[in-house]
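Remarks on the overall topology
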Amino acid sequence: MPTRKESPHTQPAILFSSNFFPPFPGNNYVDIREWMLQDRRLLGSGGDKDDTINFASKSEQHHDLVVVYSSGEKHWDVQQYSQEQHEDFSAAAPCSSGGTGQIIFIRGFISPSWVSVIGSKYNVDPEFFRRHMDFLSASTDRHSYSFPSLSSSSDNIFRLCVSTLLHRDDFRGQDLHSQRSKHSAELGTYKIQQLRSTRVCCGDSLVREYTTVCSSFSVLEQWISLCVTRTGKGWTVIAWMDHGRPLEKSPPGPWTSHIKSNATPLPVLQHHRKMAFRTTTNRLDPGANAAAEVQQSTAILPLQYDSLIALVDLARRAPHEPLSMAIPLFAHAAFSEAQFLNLMESRIQMQINAIAEGVLADALGTFQYFSNVLNRHAQQLRDSNRAICKLAERSHQAVNGTRMGSPTPQSAAFANLGVGMRRENSDTDAAKTFTQSSSDGAFTAKGLMEDYEQLYARCDDLSKLCTWGITLAMNKATIDESRRAIQQSERVKKLTLLATLFIPLGFSSSLLGMNIDLLGQNSVRFWWFFVLCIPITLFAYILYLWDFQFLRRCMVGTLKNCRRVIQRRILGGKAEKEPNHIV
């Protein structure tokens, strides 16, 4: 990835060199280097024309791949670029030096040429692109388990997770556990055969995780990667979104069957008390929006971002503060997470009610599946909360006139070592100090911090509820197993009783059926059967009902009594023979 525009052909090989093993990045960027060099324009070779458009979309429908918002004195300047206009984007002037800010939306997947242009124009850390395209790595041990790295090593790179709920009628009676296993396998195939190949084109939507919550709801998880850079005296926020073209026009995955069954995507609903009855700027293409079978509200968010910033009273602060510029993105991700947790809470409660009614229906597997999903979301919420603290710290320093990005003197490095152990607490304090003058709400830094803390606490509570549900299901299964064991013992008891009655009958029949002269008679009378059968049956039934422990105790007591009587008689006889005892 070149860092200078005048040498785009030699920088990638130098930056991504992996011939040595220094303590600096190199081996980590092998995959993204190989991916970038698929575009022959970076090599300057005169290859065939078909080789230079490997990542160009074949769709005839227009798609704004990159949307740039530049803040002005009274309004925002908006520039939109399609997949073929990366040279126009490179030639456009960056953010002016008058203290204004920019936010650049990348809507979907982009080609190596776009990565090279954006990276060189804004001096973007290559780690930003590598983290967003982590699917290029074939395995975790390929890069010596170096990711994720220390959080302080790239404190200007953040990630948001946006969840989209898909609803359809039913899985048509198919087993839910088998559906989850099938979708998990299809997602792995999607990441290997689709994302790591040239089948992904500019503007295509990507999906990171796919969760099958129940037979009617599934959840798509997509990322928004943020990178904050300094441009002159202003700020530039690069937001690379997985949301591009409609999903049905992007590489297929496990959600394809959901789309074919006329799935309905639920929009990410947001609420703010100043949103109602306001005029907004509409940059949506009505034809393109109506043609999409799965309409994601996140995909159209960049096309109305300036109106959203104006509605929530961020237009004045956004040009000077990266946090205020990115607050609507954090709020959008928080609202989507709230919808996801509401869905999970309802399904977990349904599972607990089913257990209380005695219907297990693979409750252990479902609770374990929910617990893994909630743990992943809890980690994402922690990362988002940390990102808000970092951006608040940057904004606080920008307001106070502190120069960002200045190198730390070597003499002060060891003096700040002890402060680094309390870095997270200081970030929180800085965020609270910065937001003291801000009003409360979902679109303020203070309100976002409180919302993400509550979302994390709620996610943790739901995870604990899943653990309690697992315990409840196991206890219910144990009780049911004990009940079945008792019922089985009752059946065995009945069989034993029947055997006690019929074994003597069988013995008597066998005895009388032998071809011998029984009891000195040439022929046996019929009444002999009852003479033998009744006593034997009574004797067997007495042994069946007899308490052998009680019999043993009786025998032991009888022996003790007999021994005591014998001893008394012996002692009494001796006393009669002694003359000294005669009075």
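Just above, that's the structure.
Notes on the structure follow. Per-chain numbering applies: the sequence of each chain, read as written, is numbered from 1 onward. Selection of residues for local features in this predicted model requires a pLDDT of at least 70, selection of side-chain atom pairs for listing and counting requires 80 or more, and totals for whole chains, interfaces and linings are taken over all residues. Note: side-chain values were computed over all heavy atoms of the structure, leaving out hydrogens and water.

Secondary structure counts use DSSP, requiring at least four H or I residues in a row for a helix and at least two E residues in a row for a strand, with both numbered from the N terminus. If you tally the helices and strands in the protein, you get 16 helices and eight strands. For the protein, the residues scored as buried account for 42% of the 583 residues in total. What makes two residues a contact is simply this: any of their non-hydrogen atoms within 4.5 Å. The contacts in the protein between residues at least 6 apart in sequence include a share of 76% that link residues at least 24 apart. Note on exposure labels: buried denotes an accessible area under 20% of the residue type's maximum, exposed denotes more than 50%, and partly exposed covers the range between, all computed with a 1.4 Å probe on protein chains only.

Before going further, it helps to examine the side chain of Ser324. With respect to the helices and strands, Ser324 occurs in helix 10 (residues 322-356). With relative accessibility at 2%, the residue Ser324 sits in the buried group. Any N or O atom pair separated by 3.5 Å or less is treated as a polar contact, with the protein-specific requirement of one donor-capable and one acceptor-capable atom, and with residues adjacent in sequence counted only for side-chain atom pairs. Within the structure, the side chain of Ser324 is placed 2.6 Å from the side chain of Glu321, a separation counted as a polar contact. Not counting residues within four places of it along the chain, the set of residues in contact with Ser324 comprises Leu314, Arg317 and Ala318.

Take the side chain of Thr212 next. Relative to the assigned elements, Thr212 resides in strand 5 (residues 209-212). In terms of polar contacts, Thr212 uses its side chain to reach the side chain of His183, at 2.8 Å.

What follows covers the environment of Leu505. Inspection of the secondary structure puts Leu505 in helix 14 (residues 445-512). Along the sequence, Leu505 and Ile534 sit 29 residues apart, while their C-alpha atoms lie 8.7 Å from each other. Beyond its immediate chain neighbours, meaning those up to four positions away, Leu505 contacts Phe529, Cys533 and Thr537.

Below, the discussion takes up helix 4 (residues 112-121). Along an α-helix, a turn takes 3.6 residues, which lines up residues three or four apart on a common side. Counting buried residues in helix 4 gives ten out of ten residues, a clear majority hidden from the surface. Where helix 4 is concerned, the buried positions are Pro112, Ser113, Trp114, Val115, Ser116, Val117, Ile118, Gly119, Ser120 and Lys121.

Tracing the backbone shows Arg208 in the loop between helix 6 (176-195) and strand 5. By relative accessible area, Arg208 is classed as buried at 6%. It is 5.6 Å that separates the C-alpha atoms of Arg208 and Glu221, two residues lying 13 residues apart in sequence. When residues no more than four places from it in sequence are discounted, the contact partners of Arg208 are His132, Asp134, Phe135, Leu187, Lys191, Glu221, Gln222, Trp223 and Asp242. For Arg208, the side chain forms a polar contact with the side chain of Asp134, separated by 3.3 Å.

Moving on: the pattern of salt bridges. For this document, the term salt bridge refers to a Lys or Arg side-chain nitrogen within 4 Å of an Asp or Glu carboxyl oxygen. Tallying each qualifying case throughout the model produces twelve salt bridges. The closest approach of N and O atoms between Glu127 and Arg130, which form a salt bridge, is 2.9 Å. Taken together, the positions of Glu127 and Arg130, both in helix 5 (residues 126-132) and three residues apart, correspond to about one turn of that helix. Grouping residues by exposure puts Glu127 and Arg130 together as buried. Here Arg208 makes a salt bridge to Asp134, at a shortest N to O gap of 3.3 Å. With Arg208 in the loop between helix 6 and strand 5 and Asp134 in the loop between helix 5 and strand 4 (157-167), the pair connects residues that are 74 residues apart, well separated along the chain. Using a relative accessible area of 29% as the deciding quantity, one classes Asp134 as partly exposed. Through salt bridges that share partners, Glu127, Arg130 and Arg131 make up one connected network.

This part is about the state of the cysteines. Any two cysteine sulfur atoms lying within 2.5 Å of each other are counted as a disulfide. Here the structure, examined in full by the defined rule, presents zero disulfides. No disulfide involves Cys202; its nearest neighbouring cysteine sulfur is the one of Cys201, lying 7.5 Å away. You can call Cys202 buried: its relative accessible area is 2%. Cys466 takes part in no disulfide bond, and the closest cysteine sulfur, belonging to Cys459, lies 9.3 Å away. On the basis of relative accessibility, which here comes to 0%, the residue Cys466 falls in the buried class.

With that out of the way, let us pick up the pairing of strand 6 (residues 217-231). Among the 15 residues of strand 6, 14 are classified as buried, and the element is accordingly described as predominantly covered. Where strand 4 lies against strand 6, eleven bridges are found, and the strand directions are antiparallel. Bridging across to strand 6, Ser163 finds its partner in Glu221. Taken together, the four bridges between strand 5 and strand 6 define a ladder with antiparallel strand orientation. If you follow Thr211 over to strand 6, its bridge partner there is Val219. Following strand 5, the chain reverses through four residues before pairing antiparallel with strand 6. For two strands to be treated as a pair, DSSP must find no fewer than two bridges joining them. Strand direction decides the pairing type here: strand 6 and strand 7 (residues 234-241), joined by eight bridges, are antiparallel. Bridge pairing links Leu226 to Ala239 in strand 7. Between strand 6 and the antiparallel strand that follows it, strand 7, lie two residues; Gly232 among them carries a positive phi value of about 65 degrees.

Moving on, we come to the environment of Leu247. Here Leu247 is to be found in the loop between strand 7 and helix 7 (256-260). C-alpha separation for the pair Leu247 and Ser205, spaced 42 residues apart in sequence, amounts to 6.2 Å.

Let us now look at the nonpolar core. In these notes, a set of buried Ala, Val, Leu, Ile, Met, Phe, Trp, Tyr and Cys residues joined through side-chain atoms within 4.5 Å is what counts as a nonpolar core. Within the largest apolar cluster, 70 residues are counted, with the highest numbers of intra-cluster contacts made by Phe105, Leu226, Leu329, Phe330, Leu374 and Tyr452. No other element matches helix 10, which puts 17 residues into this core. If near-sequence neighbours (up to four positions away) are discounted, Tyr452 is found in contact with Leu160, Phe330, Ala333, Ala334, Leu381, Ser384, Asn385 and Ile388. Of all hydrophobic cores here, the second largest spans 42 residues; its members include Phe55, Val68, Leu195 and Leu206.

A pair of aromatic rings is counted whenever rings of Phe, Tyr or Trp (Trp by its six-membered ring) have centres within 6.5 Å, and the orientation is called stacked for planes under 30 degrees apart, edge-to-face for over 60 and tilted otherwise. This model, assessed by the stated rule, comprises 16 aromatic pairs. Seen in terms of ring centroids, Tyr69 and Tyr305 are 6.2 Å apart; in terms of plane orientation they differ by 50 degrees. Their pairing is tilted. With a gap of 236 residues between them, Tyr69 in strand 1 (residues 66-71) and Tyr305 in helix 9 (residues 305-311) connect regions that are remote in the sequence. By relative accessible area, which is 0% here, Tyr69 ends up buried. In this structure Tyr305 comes out as buried when scored by relative accessible area, which is 0%. Plain terms: the ring middles of Phe89 and Tyr122 are 6.3 Å apart, the flat faces sit at 45 degrees to each other, and that makes the pair tilted. One end of the pair, Phe89, is in helix 3 (residues 86-91); the other, Tyr122, is in the loop between helix 4 and helix 5, and 33 residues separate them in sequence. Classification of Phe89 by relative accessible area gives buried; the value is 1%. For Tyr122, a relative accessible area of 6% corresponds to the buried category. Grouped by ring-pair contacts, the aromatic residues Tyr81, Phe89, Trp114 and Tyr122 constitute a single cluster.

Function cannot be inferred from these measures alone, as they are strictly geometric.
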